[in-house]
Amino acid sequence: MSSHARKNQARQYRDQHKVTYTAGLQQIRDCLPPVQGATRAALTPSWTADTVPQKLLEAVEQHCHWTSSYHTASC
């Protein structure tokens, strides 16, 4: 089945059932019980300066500098 056919099939289903994407998500959220004490994990680096060679850090920094200057120059 081509991408176009899948999109048409999904569009037909959506039009028949009159359910939009956000309304469908809200229906799912309404059915789920609330989460007790939900928290996010603290952001901590997964590496330390001892485990990453200095040359690698310099190479990454140079790469990031080059790509950011390249993308701003081409915009």
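Presented here is a report on the structure given in the accompanying data block. (Residues numbered from 1 in each chain as written. Predicted model: local features only at pLDDT ≥ 70, side-chain atom pairs only at ≥ 80, totals over all residues. Heavy atoms only, no water.)

## Here we look at the overall build of the chain
When you go through the chain residue by residue, the secondary structure sums to 3 helices and 0 strands. Secondary structure elements of the chain, listed N to C terminal, follow the sequence α-α-α. Looking at the chain as a whole, 3% of its 75 residues are labelled buried. (Helix = DSSP H or I, 4+ residues; strand = E, 2+ residues; numbered from the N terminus. Buried < 20%, exposed > 50% of the residue type's maximum accessible area, 1.4 Å probe, protein only.)

## Looking at the environment of Asn8
Assignment of secondary structure puts Asn8 in helix H1 (residues 3-17). Look at Asn8 and you get partly exposed, because its relative accessible area is 26%. Of the polar contacts made by the side chain of Asn8, one reaches the side chain of Arg11; its length is 2.7 Å. (Polar contact = N/O pair within 3.5 Å; in protein donor to acceptor, adjacent residues only side chain to side chain.)

## A short note on H1
With 15 residues, H1 should reach 21 Å at 1.5 Å per residue; the first-to-last C-alpha distance of 21 Å fits that figure. Following H1 by one or two positions, Lys18 adopts a phi angle in the positive range, close to 55°. (Expected span 1.5 Å × (residues − 1).)

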